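Residue strings, one per chain:
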Amino acid sequence: MSPFVRSVLIALSIALTAAPAHAAMQEKPVEWTIGEERYSGVLVYDDANAITRPGLVMMPNWMGVTQDAIAMAKGVAGDDYVVLIADLYGSDIRPKDDAQALAAVRATYVDGGKTLRARAQRAVEVLKAQADTAPLDAARIGALGFCFGGGVVLELVRSGADLPGGAVSFHGNLDSYRPADGPITSSILALNGADDTSVPAEQIMGFEKEMKAAKADWQFVNFSGARHCFSQPEDADNPLDDNCLYNERAAKRAFEMMHDFFRERFAAS
């Protein structure tokens, strides 16, 4: 064996020995309060290194903080983001079926969305506070949401929240139950299924009119053949609701658009 080859093998052996073990995706419970009400979410991030990265508040679908939501958050986080799954109902409310989920959603809108906006704003504050224990850049925060949660992120920007990373809504309700609390300063990407019967043309037109009047930075994308829930793998075969169906093609394109959107917004912040 030549001295050169021997030196290369020794260097490689040292590098492999010194290489850190693969880090695991962290999944940590986070508790907070609003008044006397308690909330319980989950913080997700890859701890492969301590390099700070942007944070995203994830508003889950109407089932709330579930294992499916955690799996989705891990996929979104990768090694690019710290993600907080927001609890929008309260720690004592964990729907077990669609009927309970619908009741929980209706309760959040009982005062026309005022309480819902406050809960969404509080989740942003809670995420920023995690910078002390997670590799988070608290100055670079964005939001995303799915189904019910997609509507929540739109309510969050209507509340006047300043999100440098902007907000992405996946097949969310576009209607607002109340006027915006102030200027809409956060950029918006609304991703919609063109065949979603829960989002009629009138709702889309109303959303576009609202965004134009607010002089917001917004984009709206319709995916052909996609219905409600098109990004949710757990709804690949839903015999109870043919409007709530996973669409792999639309989901793949939507997530690519989401990542491009956040990269562009965070690069500008």
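Model, not experiment: these values are computed from the prediction.

### Examining the pairing of strand S1 (residues 25–34)
As paired elements, S1 and strand S2 (residues 37–46) share 10 bridges and run antiparallel to each other. Within S2, the residue paired with Gln26 across the bridge is Tyr45. Remark: two residues form the turn of the hairpin made by S1 and S2, two consecutive strands paired antiparallel; Gly35 in that turn has positive phi of roughly 65°.

### Describing the side chain of Arg265
Following the sequence through the fold, Arg265 ends up in helix H7 (residues 248–268). With a relative accessible area of 19%, Arg265 lands in the buried category. Engagement of the side chain of Arg265 in a polar contact is seen with the side chain of Glu264, the distance being 3.4 Å. Setting aside residues no more than four positions away along its own chain, Arg265 makes contact with Pro164, Gly165 and Ser187.

### Some words on the sheet that holds strand S8 (residues 218–223)
In spatial order, the strands read S1-S2-S4-S3-S5-S6-S7-S8; together these eight strands make up an open sheet with mixed pairing. Edge positions in the sheet fall to S1 and S8, since each of these pairs with one other strand and no more. Between one strand axis and the next, the sheet turns through 20° on average, direction left out of account. Pairing geometry for strand S6 (residues 167–170) and strand S7 (residues 188–193), over four bridges, is parallel. Within S7, the residue paired with Phe170 across the bridge is Leu191. Strand contacts of helix H2 (residues 67–77): S1, S2, strand S3 (53–59), strand S4 (82–85) and strand S5 (136–146), with the helix running at about 160° to S4, the strand carrying the most contacts.

### A closer look at the nonpolar core
Within soluble globular proteins, side chains that are nonpolar tend to cluster in buried spots. Ranked by internal contacts, the top residues of the largest apolar core, which has 44 residues, are Met59 and Leu163. In contact with Met59, not counting residues within four places along its chain, are Ala86, Leu88, Ala120, Leu144, Gly145, Phe146, Gly149, Val152, Val153 and Leu156. The next biggest cluster of nonpolar side chains, apart from the first, holds 31 residues, and it includes Val44, Val65, Leu144 and Phe223.

### Describing the confidence of the model for the chain
In low-pLDDT regions, the fine details of the predicted coordinates are not to be read closely. Mean pLDDT over the chain works out to 91, with 90% of the residues at or above the 70 mark. Confidence drops under a pLDDT of 50 for residues 1–21, and excluding neighbours within four residues, the segment shows two contacts in the predicted structure.

### Overview of the state of the cysteines
If you walk through the whole model with that rule in mind, you get one disulfide. Two residues, Cys229 and Cys244, share a disulfide whose sulfurs are 1.8 Å apart. The sign of the -95° torsion about the S-S bond sets the Cys229-Cys244 disulfide as left-handed. Here the residue Cys229 occupies a position in the loop between S8 and H7, and Cys244 occupies one in the loop between S8 and H7, the gap between them amounting to 15 residues. In this pair, the class of Cys229 matches that of Cys244, namely buried.

### A closer look at the packing of aromatic side chains
Inspection of every chain in the model, using the stated rule, returns 14 aromatic pairs. With centroids separated by 6.0 Å and ring planes inclined at 65°, the aromatic side chains of Tyr81 and Phe262 adopt a geometry described as edge-to-face. Of this pair, Tyr81 sits in the loop between H2 and S4 while Phe262 sits in helix H7, and the two are 181 residues apart along the sequence. With respect to class, Tyr81 is no different from Phe262; both count as buried. Geometrically, the ring pair formed by Phe170 and Phe255 is tilted, given 4.9 Å between the ring centres and 35° between the ring planes.

### Regarding the pattern of salt bridges
Applying the stated criterion across every chain, the model contains 12 salt bridges. A salt bridge links Asp87 to Arg94; the nearest nitrogen and oxygen atoms lie 3.5 Å apart. The exposure class of Arg94 is partly exposed, given its relative accessible area of 28%. Residues Asp260 and Arg263 are paired through a salt bridge, measuring 2.6 Å at the closest nitrogen-oxygen approach. Residue Asp260 and its partner Arg263 are both found in helix H7; the two are separated by three residues, about one turn of the helix. By relative accessible area, which is 43% here, Asp260 ends up partly exposed. Given a relative accessible area of 46%, Arg263 falls into the partly exposed group. Salt bridges linked by common partners bring Arg117, Glu155, Arg158, Arg178, Asp181 and Glu210 together as one network.

### Describing the environment of Asp196
Within the secondary structure, Asp196 is located in the loop between S7 and helix H6 (201–213). Distance in space between the C-alpha atoms of Asp196 and His228 is 5.0 Å, their sequence separation being 32 residues. Sequence-distant contacts of Asp196, defined by excluding residues within four places in its chain, comprise His171, Ala226, Arg227, His228 and Asn243.

Cut-off values and rules
- Residues numbered from 1 in each chain as written.
- Predicted model: local features only at pLDDT ≥ 70, side-chain atom pairs only at ≥ 80, totals over all residues.
- Heavy atoms only, no water.
- Pairing = 2+ DSSP bridges.
- Helix = DSSP H or I, 4+ residues; strand = E, 2+ residues; numbered from the N terminus.
- Buried < 20%, exposed > 50% of the residue type's maximum accessible area, 1.4 Å probe, protein only.
- Polar contact = N/O pair within 3.5 Å; in protein donor to acceptor, adjacent residues only side chain to side chain.
- Contact = heavy atoms within 4.5 Å.
- Axes fitted to C-alpha atoms, helices over the stretch in contact; angles between N-to-C directions.
- Core = buried A, V, L, I, M, F, W, Y, C linked by side-chain atoms within 4.5 Å.
- pLDDT = per-residue confidence, 0-100.
- Disulfide = S-S within 2.5 Å.
- Phe/Tyr/Trp six-rings, centres within 6.5 Å; stacked < 30°, edge-to-face > 60°.
- Salt bridge = Lys/Arg side-chain N within 4 Å of Asp/Glu carboxyl O.

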